Protein chains: 2
Amino acid sequence: MKRRRRGYLPMTEIVVALVIACFVGAALGSSSTDDGVWNKAKGFFGPLPEAMHSQKNPITPAKIRLGKMLLYESRISADGTVSCIKCHPISLYGADGLRKAIGNQCQVSPRNAPTIFNAAAQISAHWIGNRADVEDQARQSVIGPPAFGMPTYQAVEKRLKELGYGPLFRQAFPEEREPITIENFAKAIGAFERTLVTPGPFDDFMKGNQGAIDETARLGLKTFMDAGCAACHNSPYLGGQQYQKFGIVAPYWQYTKSAEKDVGRYAVTKNEADRYVFKVPVLRNVAKTAPYFHDGSVDSLAETVWIMGKVQLGKDLTKVQVKEITAFLDALTGAIPLDALTVPLLP
Amino acid sequence: MKRRRRGYLPMTEIVVALVIACFVGAALGSSSTDDGVWNKAKGFFGPLPEAMHSQKNPITPAKIRLGKMLLYESRISADGTVSCIKCHPISLYGADGLRKAIGNQCQVSPRNAPTIFNAAAQISAHWIGNRADVEDQARQSVIGPPAFGMPTYQAVEKRLKELGYGPLFRQAFPEEREPITIENFAKAIGAFERTLVTPGPFDDFMKGNQGAIDETARLGLKTFMDAGCAACHNSPYLGGQQYQKFGIVAPYWQYTKSAEKDVGRYAVTKNEADRYVFKVPVLRNVAKTAPYFHDGSVDSLAETVWIMGKVQLGKDLTKVQVKEITAFLDALTGAIPLDALTVPLLP
């Protein structure tokens, strides 16, 4: 082994070391920045799970199978036209493209239909916390206007029996003697929905594949976090974990041009602090689920981003920043699970 | 070689021959009948093709792909809720389970929505001959109430451009400079529909597999032909090849309890001979597409069969005959093509 005298480094070795340092520095240049972004993003978002499990409603193959069928079942609505899929079509990434959902006998829902993808892990379903979870949402939807319009849960159960769902409910809930109940209807749909996660390019990026999203999207991610968006739009779903006042800095309707001033969660709690408070929506697949906001008042994702900067953060995001954030949001468009891409045939 | 005297047969040989004849006769008993039924059926029905080709609209993969997407596209309807799939959901075998289809702004269609499966080979689309073929049906549906409710074809074309369908139309119609036209919209949907054939147990039976349908269904096929049903319900589609007066022997509404007396094809031709004349519907998948008749006035397939005997053939079919025919009709439920079972993601 060659010995080196302490305190002495020959000129050639210094030059070589400097050259190497320069090359490494140049090569790592952008990724050094990205590493910072990446580490920060790890803190905000975390990995998307394979399914959104719930102890109250364990996922089983038989429940998933039945749940997907029930999702397509229109014959349990009062006028025979409404199924879950009507307002949550898979072809449009689980949303309906309307400002506000339209249900039984063309009655207009109070708010925009959120996508069913990546929905089951939120603090509640829908916008104002009046649906505890996706199971509760399925259960509540069947009654009265504006969704399914059925008069009672019993009427739904009776119809399911008539349609021949008995064997399917027995397979999904083998320990029960009379399994066709509204609770099991909700559990089956919920179990299916709990499988609806859509990993996309952003997740590949978060796993360490820097090239999975392009430079603009990477800058967008940085801006998204630096500007403060991730304070609310966090978790693997980029939202769905908290309620927030919509319009902290300025009334939202001044920018969204909303026709009505929706009081939001106040309608549920009657607590003045909840006025104009809504659940922070999940941003997964947001580029595919226009129009935006609780009332679908804005069509353009770029405009939506800019409005959010204005009314939530008091920031006038530049065109470049909006473009970058929008590119980042594009990278949240994910792959629909194969099972959700096939249509079930109904009894 | 042993020589036998002419005109003489020993007693033992006679007995053996008789015994053999009896055994063979017993063994062939039912299948002798089935052979007769089978030969007769070959004359009436013939083999189902792999696709329903049209020289005017050759099927190509790019057209099929685009056509399936357009079938799911609701954003080209006036209120944003109507797509082809709304009234022809795959999950219900291409029909909607309603008495009469419900379209844009909840307007009720004049008649029951026929299935899109095995539909493209009929003499016309729908019930009364006012839609030349599936392409014409797609084209006409988008305009005005009660389906899509769009004001003009131009409005549909404009919307398709806005939604980003340009590249898909260019792939499907590569020789055209401005391919987003209502004609190409119709051709793409038509091309997809022309692939929607659903071979089932009946086709396996017709290929020589006697056990593909059970004894009751085989008897039902015989009764179906003997009673006269196949005079109108023929071709590989068991219908769709002719117009017929509904209620030859007795007015149909006396049996269907129809709320209205639909004049049928008379509405198109103003020819008195066409009063109460409708296209003979295809019976493929009929067990899956209740309710029945042009106005969906009857829910039960068995009752439908009995009514047809009464009003078309002047026959009071027995309960056993109705049961057999219904079992035969069950054997017409076929396999949905795999491509039709997957949901397209839209631009």
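Residues numbered from 1 in each chain as written. Chains lettered and ligands numbered in written order. Predicted model: local features only at pLDDT ≥ 70, side-chain atom pairs only at ≥ 80, totals over all residues.

Visitor: Which residues make up the packing of helix H12 (residues 301-313) of chain A against helix H13 (residues 319-330) of chain A, and what values go with them?
Guide: Residue and element names in this part refer to chain A. Taken N-terminus to C-terminus, the directions of H12 and H13 make an angle of 115 degrees; their axes are 9 Å apart at the nearest point. At the point where H12 passes H13, the crossing takes the right-handed sense. Residue-level inspection shows Leu-301, Ala-302, Val-305 and Trp-306 of H12 in contact with H13, the latter providing Val-322, Ile-325, Thr-326 and Leu-329. The class makeup of the residues in the contact of H12 with H13 is seven nonpolar, one polar and no charged. (Axes fitted to C-alpha atoms, helices over the stretch in contact; angles between N-to-C directions. Helix = DSSP H or I, 4+ residues; strand = E, 2+ residues; numbered from the N terminus. Left-handed = near helix turned anticlockwise from the far one by under 90°. Contact = placed C-beta atoms within 7 Å. Nonpolar A, V, L, I, M, F, W, Y, C, P; charged D, E, K, R; others polar.)

Visitor: Describe in detail the nonpolar core, supporting the description with residues and values.
Guide: The biggest cluster of nonpolar side chains holds 184 residues, and the ones touching the most others in it are Phe-185 and Ile-189 of chain A together with Phe-185 and Ile-189 of chain B. Beyond its immediate chain neighbours, meaning those up to four positions away, Ile-189 of chain B contacts Gly-67, Leu-70, Leu-71, Cys-84 and Ala-138 of chain B. (Core = buried A, V, L, I, M, F, W, Y, C linked by C-beta atoms within 7 Å. Buried ≥ 20, exposed ≤ 12 C-beta atoms within 10 Å, placed from the backbone.)

Visitor: Describe helix H5 (residues 153-162) of chain B, and please don't skip the residues or the numbers.
Guide: Residue and element names in this part refer to chain B. Among the residues of H5, those classed as buried are Val-156, Glu-157 and Leu-160. The buried residues of H5 occupy an angular sector of 100 degrees when projected down its axis, which confines them to one face. Relative to its buried face, H5 has exposed residues pointing more than 90 degrees away, namely Gln-154 and Glu-162. Buried residues along H5 sit against helix H7 (182-193). After H5 finishes, the residue Gly-164 shows a positive phi value of roughly 90 degrees. (Arc of directions from axis to C-beta.)

Visitor: Please give an account of the domain arrangement of chain A that cites residues and values.
Guide: Residue and element names in this part refer to chain A. Here the domain parsing of chain A yields domain 1 (61-197) and domain 2 (201-330). Here domain 1 and domain 2 have C-alpha centroids that lie 27 Å from each other. Each partner contributes to the interface: domain 1 provides 20 residues, whereas domain 2 provides 23 residues. In the side of domain 1 that touches domain 2, the residues fall into 10 nonpolar, seven polar and three charged. (Domains from an automatic or database assignment.)

Visitor: Summarise the interface of chain A and chain B; cite the residues concerned and give the values.
Guide: At the interface, 21 residues of chain A touch 22 residues of chain B. Its residues placed into classes, the side of chain A that touches chain B shows 12 nonpolar, seven polar and two charged.

Visitor: For the packing of helix H2 (residues 61-71) of chain A against helix H7 (residues 182-193) of chain A, give the residues involved together with the corresponding values.
Guide: Residue and element names in this part refer to chain A. Direction vectors running N to C along H2 and H7 enclose 100 degrees, while the axes themselves pass 7 Å from each other. In terms of orientation, H2 lies roughly perpendicular with respect to H7. Contacts from Lys-63, Ile-64, Leu-66, Gly-67, Lys-68, Leu-70 and Leu-71 in H2 reach Phe-185, Lys-187, Ala-188, Ile-189, Gly-190, Ala-191 and Phe-192 in H7. Each residue belonging to the contact of H2 with H7 can be placed in one class, and the counts come to nine nonpolar, two polar and three charged. (Parallel < 35°, antiparallel > 145°, perpendicular 65-115°, else oblique.)

Visitor: Just give me the short version of the relation of the copies chain A and chain B, but keep the residues and values in it.
Guide: Between the two chain copies there is a screw-like relation: a rotation about an axis and a shift along it. Here chain A sits on chain B after a turn of 180 degrees about the axis and a move of 0.0 Å along it, with an RMSD of 0.0 Å. In the structure described here, the two chain copies are related by an operation that fits a two-fold rotation axis. Rotation axis and chain A: the residue whose C-alpha lies nearest the axis is Thr-342 of chain A, separated from it by 2.2 Å. Comparing interface residues between copies, 100% of those in chain A also sit at the interface in chain B, which points to an isologous, same-surface contact. (Least-squares fit on C-alpha atoms with pLDDT ≥ 70 in both.)

Visitor: Tell me what's going on with unusual backbone geometry, and back it up with residues and numbers.
Guide: Of the consecutive residues Pro-145 of chain A and Pro-146 of chain A, the connecting peptide bond is found in the cis state with omega at 5 degrees. With respect to the secondary-structure elements, Pro-146 of chain A resides in the loop between helix H4 (134-141) and helix H5 (153-162). Following Ala-290 of chain B, the chain continues to Pro-291 of chain B via a peptide bond in cis, the omega torsion being -5 degrees. Within the secondary structure, Pro-291 of chain B is located in the loop between strand S2 (277-279) and helix H12 (301-313).

Visitor: Please set out H7 of chain A residue by residue, giving values where relevant.
Guide: All names here are of chain A. Over its 12 residues, H7 extends 16 Å from the first C-alpha to the last, a length consistent with the 16 Å expected when each residue adds 1.5 Å. Most of H7 is tucked away, with 11 of its 12 residues classed as buried. Restricting attention to buried positions, one finds in H7 the residues Ile-182, Asn-184, Phe-185, Ala-186, Lys-187, Ala-188, Ile-189, Gly-190, Ala-191, Phe-192 and Glu-193. Its buried side turned inward, H7 meets H2, helix H3 (84-87), H4, H5 and helix H6 (166-172). (Expected span 1.5 Å × (residues − 1).)

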